[in-house]
Amino acid sequence: MRQGVERTSPPPCGEGTEVGVAPPASAAVGRPTTPTSNSSPQGGGGARVSSPISPRRRSWVGVARPLSPRRRTTLAILSFLIPLLAWAAVSYVPFLWHPLVEVTEPGDIAWMEPGMRVPKAAFAEEVASAKTAGTAEPAGRPANPVYLPAPHEVATAFWTSLTAQPTQRDAIRLPLSLWHSIQIIAFGFVLSSLVGVPLGILCGAQPTLARLTEPVIEFVRYMPAPAFGALMVAILGIYDGPKIAIIVIGTFFQQVLVIANTTRRIEPLLIEAALTLGARNLRLIRRVIVPAMLPQLYRDQRILLGWAWTYLIVAELIGTSSGITFFITQQARYQHFDNVYAAILIIGLVGSITDLALAWLGRRLFPYDRSEA
Amino acid sequence: MNSVSPVVSPVVLPIEACDYRTQCEPVRARFDKLKGREVALRVEKLTKTFRKPDGGTTVALKDIDLVTHRREFLCVVGPSGCGKSTFVRILAGLETSTSGVVSVEGVPVSGPGADRGMVFQGYTLFPWLSVLRNVAFGLEENGTPRREAEREARQWLALIGLEAFADSYPHQLSGGMKQRVAIARALATRPRILLMDEPFSALDTQSRARMQAYLIEIWKKIDITIVFITHDLDEAVHLADRILVLSAHPGEVAELIEVPVPRPRSHNQALTPEFRATRTRLDALIHPPKDEAEESVAPDVVTRMTSAGDEVE
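Residues numbered from 1 in each chain as written. Chains lettered and ligands numbered in written order. Predicted model: local features only at pLDDT ≥ 70, side-chain atom pairs only at ≥ 80, totals over all residues.

## Considering the overall build of chain B
The condition that has to hold: Numbering of helices and strands runs from the N terminus, with a helix taken as a DSSP run of H or I at least four residues long and a strand as a DSSP run of E at least two residues long. For every residue, the other C-beta atoms within 10 Å of its own C-beta are counted; 20 or more classify it as buried, 12 or fewer as exposed, and values in between as partly exposed. C-beta atoms are placed from the backbone. Placing C-beta atoms from the backbone, we regard two residues as in contact once those atoms come within 7 Å.
Secondary structure assignment for chain B yields 9 helices and 10 strands. Looking at chain B as a whole, 38% of its 313 residues are labelled buried. Pairs at least 24 residues apart make up 71% of the contacts formed inside chain B by residues separated by at least 6 positions.

## So, the overall build of chain A
The secondary structure content of chain A amounts to 12 helices and 3 strands. Within chain A, the fraction of its 373 residues that count as buried is 25%. For chain A, long-range pairs separated by at least 24 residues make up 67% of all intrachain contacts whose partners lie at least 6 apart in sequence.

## Observations regarding the sheet that holds strand β2 (residues 117-119) of chain A
Residue and element names in this part refer to chain A. For clarity, the threshold we go by: Two strands qualify as a pair provided that DSSP identifies no fewer than 2 bridges between them. Interaxial angles span 0 to 180 degrees and are taken between N-to-C directions of axes, which are lines fitted to C-alpha atoms, for helices over the stretch in contact.
As summarised here, the arrangement of the 3 strands in space is β2-β1-β3, forming an open sheet in which the pairing is antiparallel. Looking along the sheet, the strands with just one partner apiece sit at the ends: β2 and β3 (139-143). Within the sheet, the average angular offset between the axes of one strand and its neighbour, ignoring direction, is 40°. Bridge count between strand β1 (residues 100-105) and β3: 5 bridges; the pairing is antiparallel. The partner of Val101 across the bridge, within β3, is Pro142.

## Digging into helix α2 (residues 69-92) of chain A
Basically, it comes down to this: Every helix has an expected span of 1.5 Å times one less than the residues it contains.
Between its first and last C-alpha, α2 of chain A extends 34 Å over 24 residues, near the 34 Å set by a 1.5 Å rise per residue. Summarising burial for α2 of chain A: 0 of the 24 residues are buried, a small minority.

## A short note on the packing of helix α3 (residues 131-141) of chain B against helix α4 (residues 146-159) of chain B
A pair of packed helices is characterised by two quantities: the angle between their axes and the separation of those axes. All names here are of chain B. This is how it is decided: For classification purposes, angles smaller than 35 degrees are called roughly parallel, those larger than 145 roughly antiparallel, those between 65 and 115 roughly perpendicular, and all remaining angles oblique. Here a crossing is called left-handed whenever its near helix is offset anticlockwise from the far helix by less than a right angle, and right-handed whenever the offset is clockwise. Amino acid classes used here: Ala, Val, Leu, Ile, Met, Phe, Trp, Tyr, Cys and Pro are nonpolar; Asp, Glu, Lys and Arg are charged; the rest, including Gly, are polar.
At their nearest, the axes of α3 and α4 sit 8 Å apart, and the two run at 120° to each other. One element, α3, and the other, α4, form an angle in the oblique class. Both α3 and α4 take part in a crossing whose hand is right-handed. Residues Val131, Leu132, Val135, Ala136, Leu139 and Glu140 of α3 form the contact with α4, whose own contacting residues are Arg146, Ala149, Glu150, Glu152, Ala153, Arg154, Trp156 and Leu157. Here the residues of the contact of α3 with α4 are counted per class, giving 9 nonpolar, no polar and 5 charged.

## Points about the nonpolar core
We apply this condition: As used throughout, a nonpolar core is a set of buried Ala, Val, Leu, Ile, Met, Phe, Trp, Tyr and Cys residues joined through C-beta atoms within 7 Å of each other.
Grouped together as the largest cluster of nonpolar side chains are 114 residues, with contacts concentrated most on Ile247 of chain A together with Val76, Val135, Val227 and Ile243 of chain B. Apart from residues no more than four positions distant in its own chain, Ile247 of chain A is found in contact with Ile184, Ile185, Gly188, Phe189, Ala308, Tyr311, Leu312 and Ala315 of chain A. Counting residues in each nonpolar core, the second largest holds 11 residues, with Ala157, Phe327, Val340 and Ala343 of chain A among its members.

## Some points on the sheet that holds strand β1 (residues 39-51) of chain B
Residues and elements named next belong to chain B. One open sheet holds the 4 strands; their spatial order is β2-β1-β4-β5, and the pairing between them is antiparallel. Edge positions in the open sheet fall to β2 (57-69) and β5 (107-108), since each of these has one partner strand only. Bridge count between β1 and strand β4 (residues 99-104): 5 bridges; the pairing is antiparallel. Following the sheet pairing, Val43 is matched in β4 by Val102.

## Things to note about unusual backbone geometry
All names here are of chain B. Here the amide bond leading from His249 into Pro250 is cis, since omega sits at -5°, within 30 degrees of zero. Tracing the backbone through its elements, the reader meets Pro250 in the loop between β9 (242-247) and β10 (252-258). In this chain, Arg263 is followed by Pro264 through a cis amide linkage whose omega measures 0°. When you line up the elements, Pro264 lands in the loop between β10 and α8 (273-286). Backbone geometry at Asp63 places phi at a positive 50°, although glycine is not the residue there. One can find Asp63 in strand β2. Its identity as a non-glycine residue notwithstanding, Glu198 has a phi of 45°, on the positive side. By secondary structure assignment, the location of Glu198 is in the loop between β7 (193-197) and α6 (205-221).

## With respect to the interface of chain B and chain A
Each partner contributes to the interface: chain B provides 27 residues, whereas chain A provides 18 residues. At the level of elements, β6 (116-119) and α3 of chain B are the ones that each hand at least two residues to the side of chain B that touches chain A. Among the residues making up the side of chain B that touches chain A, the classes are represented as 13 nonpolar, 10 polar and 4 charged.

## Side note on the confidence of the model for chain A
Residue and element names in this part refer to chain A. Put simply, the rule is: The predictor rates its confidence in each residue with pLDDT, a number between 0 and 100.
For chain A, per-residue confidence averages 83 on the pLDDT scale, and residues scoring 70 or more make up 84% of the total. A low-confidence stretch, residues 1-8 stays under pLDDT 50, and its non-local contacts, those more than four residues away or across chains, total 3 contacts. In the model, residues 14-43 has pLDDT below 50 throughout and makes 26 contacts with residues more than four positions away in sequence or in other chains.

## Re the environment of Ile271 of chain A
All names here are of chain A. Assignment of secondary structure puts Ile271 in helix α9 (residues 268-276). Ile271 sits in the partly exposed class, given 18 other C-beta atoms within 10 Å. Residues contacting Ile271, with those up to four places away along its chain left out, are Ile266, Val288 and Ile289.

## Quick word on α9 of chain A
All of the buried residues along α9 of chain A are Leu270, Ala273, Ala274, Leu275 and Thr276 of chain A. Check the buried side of α9 of chain A and you find it contacts α10 (281-315) of chain A together with α2 (84-92) and β6 of chain B. Looking one or two residues past α9 of chain A, Gly278 of chain A carries a phi angle of roughly 105°, positive in sign.

## Overview of the pairing of β9 of chain B
Residues and elements named next belong to chain B. By the bridge criterion, 4 bridges tie strand β3 (residues 73-77) to β9 in an arrangement that is parallel. Within β9, the position partnered with Cys75 by the bridge is Ile243. As paired strands, β9 and β10 are joined by 6 bridges and run antiparallel to one another. Within β10, the residue paired with Ser247 across the bridge is Glu252.

## Regarding the packing of helix α5 (residues 175-188) of chain B against α6 of chain B
Residues and elements named next belong to chain B. Axis separation between α5 and α6 bottoms out at 10 Å; the angle between their running directions is 20°. As summarised for this structure, α5 and α6 are arranged roughly parallel, according to the angle between their axes. As for the relative orientation of α5 and α6, their crossing is right-handed in sense. Residues Gly175, Gly176, Gln179, Arg180 and Ile183 of α5 lie in contact with α6, whose contacting residues are Ser207, Arg210, Met211, Tyr214 and Ile218.

## Focus on the confidence of the model for chain B
All names here are of chain B. The predicted model of chain B averages 88 in pLDDT, with 91% of residues at 70 or higher. Within chain B, no element has a lower average pLDDT than helix α9 (residues 289-295), which sits at 57, and none a higher one than strand β8 (residues 225-229), at 96. Between residues 1-9, whose pLDDT stays under 50, and residues either more than four places distant or in other chains, the model counts 5 contacts. Note on the complex model: pTM 0.76, ipTM 0.86.

## Some points on the environment of Leu96 of chain A
Residue and element names in this part refer to chain A. Note on placement: Leu96 falls in the loop between α2 and β1. Classification of Leu96 as exposed rests on a count of 12 C-beta atoms within 10 Å. In sequence terms Leu96 and Pro142 are 46 residues apart; their C-alpha atoms lie 9.7 Å from each other. Apart from the residues within four sequence positions on either side, Leu96 is in contact with Ala89 and Val90.

Below is the structure:
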């Protein structure tokens, strides 16, 4: 490489290959400056034909290439930071939104109390009328509606709800209600999987069985699981039974169809190779079909588990309210919206952490699986 | 186009080349010995028709007759769409024929079985099993206890020279190594016939040459009849005792060529008159002259877009 730089006559490879680009200054010493005036014998005659398309056009869209680990981390942090900053801006910068006025000093206005949130226009009207009447003016500061607490309020609520005892007598603690919800989910999901996964695999491997079961499953799938709520209460009582049933109904039918499709997407050559080697029926399923689909089955189950969480909220409103949903509705009734946000955040956290842990476990379990986890 | 006769015109051979049908003495002796062996695979009036979505039918294979003898190396070539893959898949039992009989050592074939091993074009090693367990798979499926199967599999790995990779996983192997393991896996159940569907077509030129040498070595050491599908005509001449040439639409036997190139084979033989005569005959059968005239690029098809005096050729 170094030698090539010292000897200026042959230009280093890669230079001057783009159409219509002038040779760089360093190479111009030993070479004619413009291609058209080139008269050296080895250069050959004839003008270059320049392309009408600019070579400098960049495309932001293309085949996705993996980002560097550092960039990935930075972008992941930013993806959380940007909405958080927007929330903080709306909460702490007084002239951003703040449609209400929180009364600090009611003055002589009879219906006002400190801490009350009044629409800006109504407050201004009262101030104006107090001025003309010569009575004491009310004082206040710009505020957001009660349903949008500031980040620090939610953070405090988050911490207190995890650690402190509840103030109301009939209130339940967040960790306890969360634990109850996790149990409901786990129960429902395991029950659904015990039947759904084997049935899905059999449907995927056996077209006759698939045709016998899938049309009706497809039909039931479109019935919203919560619609079965009242029925389930009638059958299973008012406690945890109907809640688990809703999760099972919501998960099972999707599960069979999704897993049957995953089974059908196994590389057919693997199954044919196994057939030529003598594998048959249940052994073929156990030794080839299940291992071949396992990484994707695992991913399917992760996605289905996410769906189970969305059914949970409806399920917990059926019969006697319980779990995290009971906590949320109760806190919303008391207008403790900071607690409501804290509880929603906790659901998000539990879900994401479970998913990250499962993804990590998946990479350990299936090192041969090269598709993105 | 209709003016061109569809009948294959007589091949114009180079002056120094011989007729591909003339066999020197050792080659003829070899063929006599081969034909004296018992029949390994018999295909009678094999026909396969597919039903098209519009209700019509396509004839993929029509009245294929074939007899191969024990320890023969048979290559199957043909233009794309002639049904070579369908043919070998029917032999393997992975597809059913519309009519006709396939029998291995006198026993009619119905469905896949351990008497026929198969090596596929794509990589079909089980990615979740180690190389050793892959080779042991067929033995275990046919009732050999695991320990015994693994001991036997280790011997097969030794035969293909990959003992050191027994505990590796398929994704850690190169393409050529994967196909070697696939051959060992197919052979481990002791099949009578090894079916190979373009097994080396995904490999680069060097690995392919090495794999051909490996395959010949294995074939020499083991009592096995090989049916080898390929689209590479040089590969067919290099490997085969006989070459079954199929024609397309419908897939019929165009010719069964006895390769006159003496064994042991080497890649230097590609320049010998026997090799070139066989190769020329294959070319004539598979690419009839009228096809080439249609496909050749006329010089004035492309408009000139460069300045005069800037020629590259």
